[in-house]
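Examination of the molecular architecture
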Amino acid sequence: MTLPLPALVPALPTHERWFVESQQAGDWSFFLSPLPLTLTAAVVAVAVAWRLVALRVDRPELPVLRPLGRLVPWVPRLLGIHLGVALLALAATGAFITPSNDHLEGAGGTALLLVEAALGIWLVTGWQLRTAAALVLGLAPALAAVAGLTALGECANLAAVAAFLVVVPPGPDAHGAAHPSRAHLRWALLWLRLGVGTALIVLAFSEKLTNPAMAVDTLERYPALDVFSLAGLSLSPETFVAIAGATELLFGLLVISGAFPQVAVLVAMVPFNATLLLFGQTEMVGHLPVYGVFLALLVYGSSEDTFRAVRWLPRRSARRAVVPAAVA
């Protein structure tokens, strides 16, 4: 396998299970081959360096975006709408939590879809969202039962938004403005980053780095995904899969790091939006929670008062003191 490495052109990330027949992951021989291992090591090094450099910059990295900081009080309300619309749209299409999980049958399947739709409507209303978000988290056992444990990791982005809303729900006024304590906001953003980052990392492995057969099948069915061919570069399918998996892994690590969130989000939004042209409504509905998270990171990262909370990581004393209080 050779790599005519074209300079950091991101391969378009997509969720193969939404558009082709699902195949079992676990082909670690592909991941353990030289190219995927080399790319993974490079991605980890870039993510670590990214955070170390960001810690030296004590201000939002793109001052031109500071006006976005005015939206800070309404981010929880916007996240609730994103999550609610996603759940409602998924239920309307017969899918439970993820577009690929659309094979529910019988009274049990119908009941799950009704619960999903009801929670979607509830989240859109903005009323008592802490309870609604907690109930969304409570759907995890049902998802594991009907789709398997890997699906839990792949859908951690929805859990991330729900966890954020448990810690920092919208306020009680008509517009839902929230004014959480600094500690609560830090923890809420941590859960948000961990959930979305985990989903991206799990997908990088379950649909690409340990599942090259399904990734190659997706590429054969949708050759427009090969952005390298647009630049006149010819890569083998295996090379493309390795780069695509490494790209998704990089996005996941950057989200978890919380470093330079404005730049990270703007870069990530390019490939995430580009796939809409190819996959349309399914892609948009499936990615709605991610778009909400990107908006949250961009807004909080643009405010002088909150940008440090985006990259915050807990220390032992902070873990002991804050976690119980955050959900009280």
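Just so it is clear, the model here is predicted, and its values are computed rather than measured.

**Digging into the overall build of the protein**
In terms of regular secondary structure, the protein is built from 16 helices and zero strands. By the burial criterion, 54% of the 328 residues in the protein qualify as buried. For the protein, the computed accessible surface area is about 14,700 Å², with 66% contributed by carbon and sulfur atoms.

**Considerations on the UniProt feature "transmembrane region" (unreviewed entry) in the protein**
Those residues carrying the UniProt feature "transmembrane region" (unreviewed entry) are residues 28-53, 74-97, 109-127, 134-167, 187-205, 249-272 and 284-301 in this numbering. Here residues 74-97 runs as 75% helix and 0% strand, with 25 Å between its end C-alpha atoms. Across residues 284-301, the secondary structure splits into 100% helix and 0% strand, with the terminal C-alpha atoms separated by 24 Å.

**Some points on the nonpolar core**
One recurring pattern in soluble globular proteins: nonpolar side chains tend to sit buried together. Counting 55 residues, the largest nonpolar core has Phe164, Leu189 and Tyr300 as its most contacted members. The element contributing the most residues to this core is helix H14 (residues 276-301), with 10 residues. Not counting the four nearest positions on each side in its chain, Leu189 is found in contact with Phe164, Leu297, Tyr300, Ala309 and Val310. Grouped together as the second largest cluster of nonpolar side chains are 22 residues, Phe31, Val43, Phe205 and Ala246 included.

**A short note on the side chain of Glu116**
Its place among the elements puts Glu116 in helix H4 (residues 106-125). A residue is classified by how much of its surface remains accessible, and Glu116, at 0% relative accessible area, is buried. Apart from residues no more than four positions distant in its own chain, Glu116 is found in contact with Leu87, Leu90, Ala91, Ala95, Phe96 and Ile97.

**Some details on the confidence of the model for the protein**
Considering every residue of the protein, the mean pLDDT works out to 87; 87% of them sit at 70 or more. Predicted confidence for residues 324-328 stays below pLDDT 50, and this span has nine contacts to residues more than four positions away or in other chains.

**Considering the packing of helix H2 (residues 34-54) against helix H12 (residues 237-257)**
Running from amino to carboxyl end, H2 crosses H12 at an angle of 25°, the nearest separation of the two axes being 9 Å. With respect to each other, H2 and H12 are oriented roughly parallel. At the point where H2 passes H12, the crossing takes the right-handed sense. Along the contact surface, H2 presents Leu35, Pro36, Leu39, Thr40, Val43, Val44, Val46, Ala47, Trp50 and Arg51, while H12 presents Thr239, Ala242, Ile243, Ala246, Leu249, Leu250, Leu253, Leu254 and Ser257. Of the residues in the contact of H2 with H12, the class split is 15 nonpolar, three polar and one charged.

**Brief notes about unusual backbone geometry**
One non-glycine residue with positive phi stands out, namely Ile97, at about 75°. With respect to the helices, strands and loops of the structure, Ile97 is situated in the loop between helix H3 (75-92) and H4. Given a relative accessible area of 8%, Ile97 falls into the buried group. At Phe260, a position not held by glycine, the phi torsion is positive, near 45°. Judged by its relative accessible area of 15%, Phe260 falls in the buried class.

**Looking at the pattern of salt bridges**
Across all of its chains, the model carries five salt bridges by this definition. A salt bridge links Asp58 to Arg311, with the nearest nitrogen and oxygen atoms 3.8 Å apart. Within this pair, whereas Asp58 is found in the loop between H2 and H3, its partner Arg311 is found in the loop between helix H15 (307-310) and helix H16 (316-326), the two being separated by 253 residues in sequence. Under the relative-accessibility criterion, Asp58 is labelled partly exposed at 47%.

**Here we look at the environment of Val72**
Note that Val72 resides in the loop between H2 and H3. Judged by relative accessible area, which is 16%, Val72 ranks as buried. Sequence-wise, Val72 and Asp305 are 233 residues apart; in three dimensions their C-alpha atoms are separated by 9.5 Å.

**A closer look at helix H5 (residues 129-137)**
Those residues of H5 that fall on the buried side of the exposure criterion are Leu129, Ala132, Ala133 and Val136. All buried residues of H5 fall inside an arc of 95° around its axis, so they share one side. Those residues of H5 that are buried are in contact with H3, H4, helix H6 (140-147) and helix H8 (156-167).

So, how was this worked out
Residues numbered from 1 in each chain as written. Predicted model: local features only at pLDDT ≥ 70, side-chain atom pairs only at ≥ 80, totals over all residues. Heavy atoms only, no water. Helix = DSSP H or I, 4+ residues; strand = E, 2+ residues; numbered from the N terminus. Buried < 20%, exposed > 50% of the residue type's maximum accessible area, 1.4 Å probe, protein only. Areas by Shrake-Rupley, 256 points an atom, 1.4 Å probe, with all protein chains shown as cover. UniProt positions renumbered as here; feature names shortened; annotations may be inferred. Core = buried A, V, L, I, M, F, W, Y, C linked by side-chain atoms within 4.5 Å. Contact = heavy atoms within 4.5 Å. pLDDT = per-residue confidence, 0-100. Axes fitted to C-alpha atoms, helices over the stretch in contact; angles between N-to-C directions. Parallel < 35°, antiparallel > 145°, perpendicular 65-115°, else oblique. Left-handed = near helix turned anticlockwise from the far one by under 90°. Nonpolar A, V, L, I, M, F, W, Y, C, P; charged D, E, K, R; others polar. Salt bridge = Lys/Arg side-chain N within 4 Å of Asp/Glu carboxyl O. Arc of directions from axis to C-beta.

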